[in-house]
Amino acid sequence: MAMSSRSLGALAAFVFLCSAASMSSSMAATDSFLQCLSASIPSQLLYTQSSPSYTSVLDAGIRNPKFLTNTTRPVWIITPTNASHVQAAVLCGRRNGVRLRIRSGGHDYEGLSYRSERPETFAVLDLVNIRAVRVDAASATAWVDSGATLGEMYYAIGKAGGRIAFPAGLCPTVGVGGHFSGGGFGMLLRKYGLAADNVVDAVLVDAKGRLLDKNSMGSDVFWALRGGAGESFGIVLSWKVKLVAVPPTVTVFNVPVTVSQGAIDVVTRWQAVAPSLPDDLFIRVLVQGQRASFQSLYLGTCDALLPVMRSRFPELGMNRSDCREMTWIQSVPYIYLGSSATVEDILNRTIAMDTSNKATSDYVRQAIGRDTWSAIFGWLARPNAGLMILDPYGGQIGSVAEAATPFPHRGGVLYNIQYMNFWSAAGGGGGGAAQRAWIRDFYAFMAPFVSKDPREAYANYRDLDLGENVVGAGGVSSYDAGKVWGEKYFRGNYQRLAMAKAQIDADDYFRNEQSIPPLVAGK
């Protein structure tokens, strides 16, 4: 039935009043939130959108320029310096209906630690001031705060002794908190597994503002933190990790092979060789354009490495001139930053912001045939093409049971694939359409050749194209809707993660577009 103009006018007025009431309620909530925070946290640690330093503080932790614009930003930024500040932020947030998003670094591929895909009133808790690294060389352990970067952690470990290390990622500007929470792997994965595999304790602030350790949080929650998207369960302030042994001399090499030099055959052969090599030897492949670069870390000398390469992987043609011997800590900047980089360079927390990017991932359980690799190199030769990074598994990472940690990609995995593409940051948030299309189409092309049921993905290479949470009744994320993306990251561990979430945060306070939904046992 058609409405009269008077009725339409009344309806418009009602909608306006409701909208105004909602805006007024939201403003009142944020004002109350500030008053609550100010009672426990020094004002210099709080930033509103009108603060002169708000933009610089927010942008300092963003690693992908496409998120600098066209996104929902936090109403507040909180930069705590101790646990009591974090506890106060949680309690004030709960009391005033302001959610917290937790940022420990910024590499977060979808930026969900500091932005929202949808309109939402939230604050960012930035752990940049909680970043100490305390190494105990005698016990081969360290306490590492979540706001530290991998570079800061590696530097402190290197200073403490020449024969200890930690198995985490390559990029020194990655934040510890997010990296450990998703699993965390790097050049030592075949010898010592994931970063999360070597976590032995943690300090967590939960949704009730309680400060918990391994024992008081309970075994299910401690299990969940180590690879299960830790920001879903609370705020991990610090991690106790077990350090690992490395020899005084390690060897690195980087051997590029072009298609005209036989790259298709060498990569095809690499699939069979790399996952079955001795655990001390890790060889990853960066495939871009018409070139495959084989990058390696070997825990030993060149003299010991050469016979292994000649007998196990002669196709690569690696020889003594390719070897670079150094200490483990020297290998960290060498591999990621280049041959001229120094150990001090890994303390640099900033990166160039001239390119935006998009990424996603796959796992390979059966070797891909040569003809398919020929087609893959064809994709990489197309206009606006990106690149592939292949990380071999096997060794220690594959010997751990799938249910031992939330990270399930263990036995039977040959390697992980990361797909990435880049475009000029000058294009802003709306740029990169052709590059994103390449990723999408290439990912579709790869479907028959990678893992299935589910098609697995790595949680630290977060991709919202795999699915997003649906918030249902009571403001709680849907467990069933979360399966769409959750089982790709966590396989059969997704259900246990959701049950752990229900134990520690049944109201789903710590929530984002791909956080673990709560599942109450028996439902």
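Note that the structure is a prediction, hence the values are computed from the model and not measured. (Residues numbered from 1 in each chain as written. Predicted model: local features only at pLDDT ≥ 70, side-chain atom pairs only at ≥ 80, totals over all residues. Heavy atoms only, no water.)

J.: Just to check I follow, could you spell out the UniProt feature "domain: FAD-binding PCMH-type" (unreviewed entry) in the protein for this structure?
T.: The UniProt record annotates "domain: FAD-binding PCMH-type" (unreviewed entry) at residues 69-246. Span residues 69-246 is 26% helix and 24% strand, its end C-alpha atoms 44 Å apart. (UniProt positions renumbered as here; feature names shortened; annotations may be inferred. Helix = DSSP H or I, 4+ residues; strand = E, 2+ residues; numbered from the N terminus.)

J.: What is the right way to look at unusual backbone geometry in this model?
T.: A negative phi angle is the norm for most residues apart from glycine, just as the trans form is the norm for most peptide bonds. In this structure, the amide linkage connecting Asp-453 to the following residue, Pro-454, adopts the cis form with an omega of 5°. Its identity as a non-glycine residue notwithstanding, Asn-384 has a phi of 65°, on the positive side. Along the chain, Asn-384 falls in the loop between helix 12 (370-380) and strand 17 (387-392). Residues other than glycine seldom take positive phi values, yet Arg-491 does so here, at roughly 50°. Here Arg-491 is to be found in the loop between helix 15 (479-490) and helix 16 (494-505).

J.: Explain the state of the cysteines to me, please; I cannot follow it from the model alone.
T.: Here a disulfide denotes one covalent bond, and it connects the sulfur atoms of two cysteines. Summed over the entire model, instances satisfying the criterion amount to two disulfides. Paired by a disulfide, Cys-302 and Cys-323 hold their sulfur atoms 2.2 Å apart. Between Cys-302 and Cys-323, the S-S dihedral sits near 75°, and the bridge is therefore right-handed. Residue Cys-302 is located in helix 10 (residues 302-312), and its partner Cys-323 is located in the loop between helix 10 and strand 15 (324-326); the two are separated by 21 residues in the primary sequence. (Disulfide = S-S within 2.5 Å.)

J.: Got a minute to help me understand the sheet that holds strand 1 (residues 46-48) in this structure?
T.: Backbone hydrogen bonds hold the strands of a sheet together, and the pairing may be parallel or antiparallel. One open sheet holds the four strands; their spatial order is 1-2-4-3, and the pairing between them is mixed. Each having just a single partner strand, strand 1 and strand 3 (99-103) make up the two edges of the open sheet. Taking each pair of neighbouring strands and ignoring which way they run, the sheet shows an average axis angle of 20°. Relative to strand 4 (residues 122-126), strand 3 is paired through five bridges, and the arrangement is parallel. Bridge assignment links Ile-102 to a residue of strand 4, and that residue is Leu-125. (Pairing = 2+ DSSP bridges. Axes fitted to C-alpha atoms, helices over the stretch in contact; angles between N-to-C directions.)

J.: Whenever I open this one, the domain arrangement of the protein confuses me. Can you help?
T.: By a frequent convention, interface size equals the accessible area lost on bringing the separate parts together. For the protein, the domain assignment lists domain 1 (27-124), domain 2 (131-243) and domain 3 (248-325 + 354-445). Each of domain 1 and domain 3 has a C-alpha centre, and these two points are 37 Å apart. Opposite the eight residues of domain 1 that make contact, domain 3 presents 11 residues. Between domain 1 and domain 3, roughly 670 Å² of surface is buried when both sides are summed, and carbon and sulfur atoms account for 43% of that area. Area buried by domain 1 at its contact with domain 3 is led by Pro-65, Lys-66 and Tyr-109, which between them contribute 67% of it. If you look at where domain 1 meets domain 3, you find five residue pairs in polar contact (both at pLDDT 80 or more). Residue classes in the side of domain 1 that touches domain 3 are distributed as two nonpolar, three polar and three charged. (Domains from an automatic or database assignment. Contact = heavy atoms within 4.5 Å. Buried area = accessible area lost by both parts, 1.4 Å probe. Polar contact = N/O pair within 3.5 Å; in protein donor to acceptor, adjacent residues only side chain to side chain. Nonpolar A, V, L, I, M, F, W, Y, C, P; charged D, E, K, R; others polar.)

J.: Would you explain the pattern of salt bridges in this entry?
T.: Note that side chains of opposite charge can pair when their charged atoms are close. Tallied over the entire structure, the rule returns 33 salt bridges. With a closest N to O distance of 3.2 Å, Asp-220 and Arg-496 form a salt bridge. With Asp-220 in helix 8 (residues 219-225) and Arg-496 in helix 16, the pair connects residues that are 276 residues apart, well separated along the chain. Accessibility expressed as a relative area gives 26% for Asp-220, which makes it partly exposed. (Salt bridge = Lys/Arg side-chain N within 4 Å of Asp/Glu carboxyl O. Buried < 20%, exposed > 50% of the residue type's maximum accessible area, 1.4 Å probe, protein only.)

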